[in-house]
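Here's the letter readout for the chains.
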Amino acid sequence: MRKPLFFLLLIVMITLSACSETNRNASPVSETGQASPAGQTDPQTASPEGSASQQERELIVAGQEIAATLDPVQPLTSSYLRNIGAAEALFKVDAGGKVVPELADSAAETDSRTWEIRLKPGIRFWSGKSVDADAVIASLERSRTEDLQAQPFLKELSFAKTDDLTIQVRTEREHLPVPLNLSYYQTIIHNSEAKHDSVATMDLTGMYRVVDFTPKQRMTLERHEDYWGAKPQIERVVYEEIADEQTRVLSALSGRSHIVLNVSPTSLPQFKDGSEAEVSAEPAANTQAVYLNLRLPQLQDARVRQALSWALNREELVLLAAEGQSFPVATWLSSNPAYAEARGAVYDKHDPERAAQLLDEAGWKLGSDGIRYKDGEPLTLRLMTWGGDKALGEALQNQWTLAGIKAEVQHGDYSLIETARESGDWDASIEAWSTFGEEYAVLAGQYSPQGSANYGGYDDEETNALLAELSEASDEETRRRLALQINERVAWQAPIVSLFPRPQISAVSKRLQGFVPHFRQFENVVNADLTLAAK
């Protein structure tokens, strides 16, 4: 068995090496986005091919996906720009969960509905334009207007300039944690006057500047020498999309990629004896869940949705789909460490008998073929999965089949899920949204009728009333009580089926020093302290 694996690894290494050689031989791209004449190389970055100095100067990061665009207000683009060191927000959250200033210098709550944010002096965009109060407000307003994912964090805030370095923030609700809202990647600060359609015109503040970009393939960044903060020690970063899971893993095991993101739990055994890379797995404050299309006749009955949840053995799902690298949660908010007591609320055990009873009550009777029928039609569920969720989808399919549900798994690119949602032609899909944040913002984003993540059209009068009450709550005890009530109400109504926090697994080269595991790893990959030892 070892010889075939050795030759497979050798073939992949040769292929990856050839791809790398092709990329390195392409015409260099300057910071203006223009290709240098063929055969000419920047003398400041030139070094013998394969030399130790070249290895130390270039960090290679591989992910399942990279950005499809350079514009921060386009879906997920701001996440990719932030995690690779190109973009920054006013605040960030450290690995301990504390909100700390980034582009901001300080923040103070001056009254129950007003905050004052002071900006760090002397910060400039890549273009040289000053990052002052006017520029920051314009950036946040553009994100508010054009980025749907930014809505939960910005819609309750209004901004006014006090002076060039001071912004007054007014809130619709009392004691809103403004620094936390402005720490999310959807609020990164960008030059709103620039065209973010090419590397020549995009304008951000990060330590690394994008110099070459092929959508959904490769992004190359170089150290921004005029960066306002601590200069990164590694000069160049290459961010590659490697969609195939096994190819990503082999890229880490071969030593070609220094950080490999989105490692599937099913690939963990391959790293047990690896000499090049080790696994970094940090628990994430998110809940991996099956989102249901409540517009479909078979899913409009809450009893059917509840049965989908009772029928699941979550402990088995964690073992089969996450290699034990997570823990079961039966309610959405409970992956947030502050609400851990709700992990077993409502669906406190695997209860196939109760699932069967609910389906019987809803009129779905078990047929001789093991499938449940109503009015001659089978109870079906098409589950769309993507990325590393194929094994999870298959495990769910097996468990639901035992309950008499004709489940089908459709695995593909995430764009297929987005297209299906737009057309309405979908039954269920898997998502993992963060539960970390201000309670009203995260819960309203999921469960209010206008919530950006309310894909299934959930609209419940009692939930809406509790959300309205939460939006007016001013003290921490009341907010917590209402959040738990909403969490439990939603679990009973079951517009989603909560499973477990999605494991955040990265493979990190043993030659790389300074990598920081983070519960929001997707926006905390690159930092200024990273160093890469020579082979």
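Residues numbered from 1 in each chain as written. Predicted model: local features only at pLDDT ≥ 70, side-chain atom pairs only at ≥ 80, totals over all residues. Heavy atoms only, no water.

A.B. asks: Lay out the overall build of the protein chain in plain terms, naming residues and giving numbers.
C.D. replies: A count of helical and extended segments in the protein chain gives 15 helices and 23 strands. Sequence separation of at least 24 residues holds for 68% of the intrachain contacts in the protein chain that already meet a minimum separation of 6. Carbon and sulfur atoms make up 50% of the accessible area of the protein chain, which amounts to about 22800 Å² in all. (Helix = DSSP H or I, 4+ residues; strand = E, 2+ residues; numbered from the N terminus. Contact = heavy atoms within 4.5 Å. Areas by Shrake-Rupley, 256 points an atom, 1.4 Å probe, with all protein chains shown as cover.)

A.B. asks: Please give an account of helix H9 (residues 314-322) that cites residues and values.
C.D. replies: When H9 is considered as a whole, its buried residues turn out to be Arg-314, Leu-317, Val-318, Ala-321 and Ala-322. Angular distribution of buried residues about the axis of H9 spans 100°; they occupy a single face of the element. Where H9 is buried, its residues touch helix H8 (302-310), helix H11 (390-402) and strand S20 (496-500). The N-cap of H9, judged by a side-chain oxygen 3.3 Å from the amide nitrogen of Glu-315 a few residues on, is Asn-313. Where H9 ends, the next residue or the one after it, Glu-323, has phi of about 50°, a positive value. (Buried < 20%, exposed > 50% of the residue type's maximum accessible area, 1.4 Å probe, protein only. Arc of directions from axis to C-beta. Polar contact = N/O pair within 3.5 Å; in protein donor to acceptor, adjacent residues only side chain to side chain.)

A.B. asks: Account for the packing of H9 against H11, naming residues and giving values.
C.D. replies: Think of two packed helices as two axes; the pair is described by the angle between the axes and how far apart they sit. Two elements in contact, H9 and H11, have axes whose closest approach is 8 Å; the angle formed by their N-to-C orientations is 145°. Pair H9 / H11 crosses with right-handed handedness. Residues Glu-316, Leu-317, Leu-320 and Ala-321 of H9 pack against Ala-391, Leu-392, Ala-395, Leu-396 and Gln-399 of H11. Among the residues forming the contact of H9 with H11, the class breakdown is seven nonpolar, one polar and one charged. (Axes fitted to C-alpha atoms, helices over the stretch in contact; angles between N-to-C directions. Left-handed = near helix turned anticlockwise from the far one by under 90°. Nonpolar A, V, L, I, M, F, W, Y, C, P; charged D, E, K, R; others polar.)

A.B. asks: So what's going on with the side chain of Glu-240? Residues and values would help.
C.D. replies: If you trace the backbone, Glu-240 turns up in strand S10 (residues 236-241). Given the relative accessible area of 7%, Glu-240 is considered buried. Within the structure, Glu-240 has its side chain in polar contact with the side chain of Arg-256 (distance 2.8 Å).

A.B. asks: Kindly report on unusual backbone geometry, identifying the contributing residues and their values.
C.D. replies: A positive phi is found at Leu-76, a non-glycine position, where the angle reads about 70°. Mapped onto the secondary structure, Leu-76 falls in the loop between strand S1 (58-63) and helix H3 (77-83). Backbone geometry at Val-346 places phi at a positive 70°, although glycine is not the residue there. Within the secondary structure, Val-346 sits in the loop between H9 and helix H10 (352-361).

A.B. asks: Describe in detail the pattern of salt bridges, supporting the description with residues and values.
C.D. replies: Counted under the stated rule, the structure contains 33 salt bridges. Asp-134 is paired through a salt bridge with Lys-161; the nearest N and O atoms lie 3.1 Å apart. Highlighted residues: Asp-134 in helix H4 (residues 133-146) and Lys-161 in strand S6 (residues 157-163), separated in sequence by 27 residues. Each member of the salt-bridge network shares a partner with another, and the members are Arg-57, Arg-223, Glu-225 and Glu-235. (Salt bridge = Lys/Arg side-chain N within 4 Å of Asp/Glu carboxyl O.)

A.B. asks: An account of the sheet that holds S20 is requested, with residue identities and associated values reported.
C.D. replies: The five strands are arranged S18-S17-S19-S13-S20 in an open sheet whose pairing can be described as mixed. Lying at the two open borders of the sheet, with one neighbouring strand each, are strand S18 (406-411) and S20. When strand polarity is set aside, the average angle formed by the axes of neighbouring strands in this sheet is 30°. Bridge count for strand S17 (residues 380-385) against strand S19 (residues 428-434) is two bridges, and the pairing is parallel. When the bridges of S19 are listed, Leu-383 appears paired with Ala-428. Seen against the sheet, H11 touches strand S13 (286-292), S17, S18, S19 and S20 and runs at an angle of roughly 170° to S18. (Pairing = 2+ DSSP bridges.)

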